[in-house]
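Descriptive structure summary
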Amino acid sequence: MAPGEKASSIERKPTVLLVDDEPQIIEFLRMGFEYEGFSVFTAANGHEALRAVKAERPDIVILDVMLPGVDGLEVALHIRKAHDTAIIMLTARDEVDDRIAGLDRGADDYVTKPFAFKELMARVRAVMRRQGKALGDLLAFQGITLNRGTRVVRRDEREIELTPREFDLLEFFLMHPRQVLTRDAILARVWGYNYVGDDNVIEVYVRHLREKLGDHPPQLLQTVRGVGYVLRGSS
């Protein structure tokens, strides 16, 4: 560093512990949280989860209820006795008694499988906000601003009306400017891990975004043939 030059401040990445015995769920969540800027730790059972919470002290735990050995409800109870870590529980059952059991053991929120990652992230942001660890709500790039809290999008002060899916897609691009996002990553993050339709749906929504952003010919949102898309804009 040159004399007199100030180092830019670096904020610690938020940390998440993912606890689930289904590898597909873990990988889906890992990819999503890493794209969201989290440092990710994982555990496949209750014992691993308790050791990881003690060693890593994550900001939030995404905890499946149905775990081998020590189940998620007991894990939540043990975590809450010793730590103030936020807990969101995942369950395949949507019974009121199940949700109450988790909340009574210290969980902050509950998400039912199957779920869209955007819903989980909205709950993560809300829980962390309540704990004074708010994630940034405003994303901006090349004259585009997107506010996650108000869901208002503007380009050069012009407000742009987007559908919920268009908003989620633009949000994903804005989170990773100048980074090529693969079609698989886009599908998993925006459409969800259980999406089974045609991936040509991405092209349709990218075209809608280009039209609404006035990106013709495409300079802002560019196609990387055979790979995916990149939010690049002018250099």
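Look above for the structure.
Our subject in this report is the structure included herewith. Within each chain, residues carry numbers counting from 1 in the order of the written sequence. Thresholds applied to this predicted model are a pLDDT of at least 70 for local features of residues and 80 or more for the giving and counting of side-chain atom pairs; totals over whole chains, interfaces and linings are not thresholded and use all residues. No hydrogens and no water enter the side-chain calculation; it runs on all heavy atoms of the structure.

1. Observations concerning the overall build of the chain
Counted only if it meets this: The way it works is that DSSP assigns letters per residue, a run of H or I at least four long becomes a helix, a run of E at least two long becomes a strand, and they are numbered from the N terminus. It is over C-alpha atoms that the radius of gyration is taken, and the globule rule equals 2.2 Å times the number of residues to the power 0.38. Working definition: with a 1.4 Å probe on protein chains only, accessible area under 20% of the residue-type maximum means buried, over 50% means exposed, and in between means partly exposed. Method for areas: the Shrake-Rupley scheme with a 1.4 Å probe, in which residue coverage is limited to the protein chains shown. Positive charge is attributed to Lys and Arg, negative charge to Asp and Glu, and no charge count is given to His or to the chain ends. Positions of charges follow a simple convention, taking NZ of Lys, CZ of Arg, CG of Asp or CD of Glu.
In terms of helices and strands, the chain carries eight helices and 12 strands. The C-alpha atoms of the chain give a radius of gyration of 20 Å, which matches the 18 Å a tight globule of 235 residues would have. Counting only C-alpha atoms, the chain reaches 55 × 55 × 30 Å along its principal axes. Counting all 235 residues of the chain, 46% fall into the buried class. Surface exposure of the chain reaches about 12,300 Å², of which carbon and sulfur atoms provide 49%. Averaging the coordinates of the 33 positive side-chain charges in the chain and doing the same for the 37 negative ones gives two points 4 Å apart.

2. Some details on the environment of arginine 151
Stated formally: Two residues form a contact once any of their heavy atoms are found within 4.5 Å.
Turning to its location among the elements, arginine 151 is positioned in the loop between strand S7 (144-147) and strand S8 (152-155). Among the residues examined, arginine 151 registers a relative accessible area of 44% and is labelled partly exposed. Remark: the alpha-carbon pair of arginine 151 and phenylalanine 167, spanning 16 residues in sequence, is separated by 7.8 Å. Apart from the residues lying within four places of it in its own chain, the contact partners of arginine 151 are Pro164, Phe167 and Asp168.

Functional significance is not addressed by these values, which are geometric in nature.
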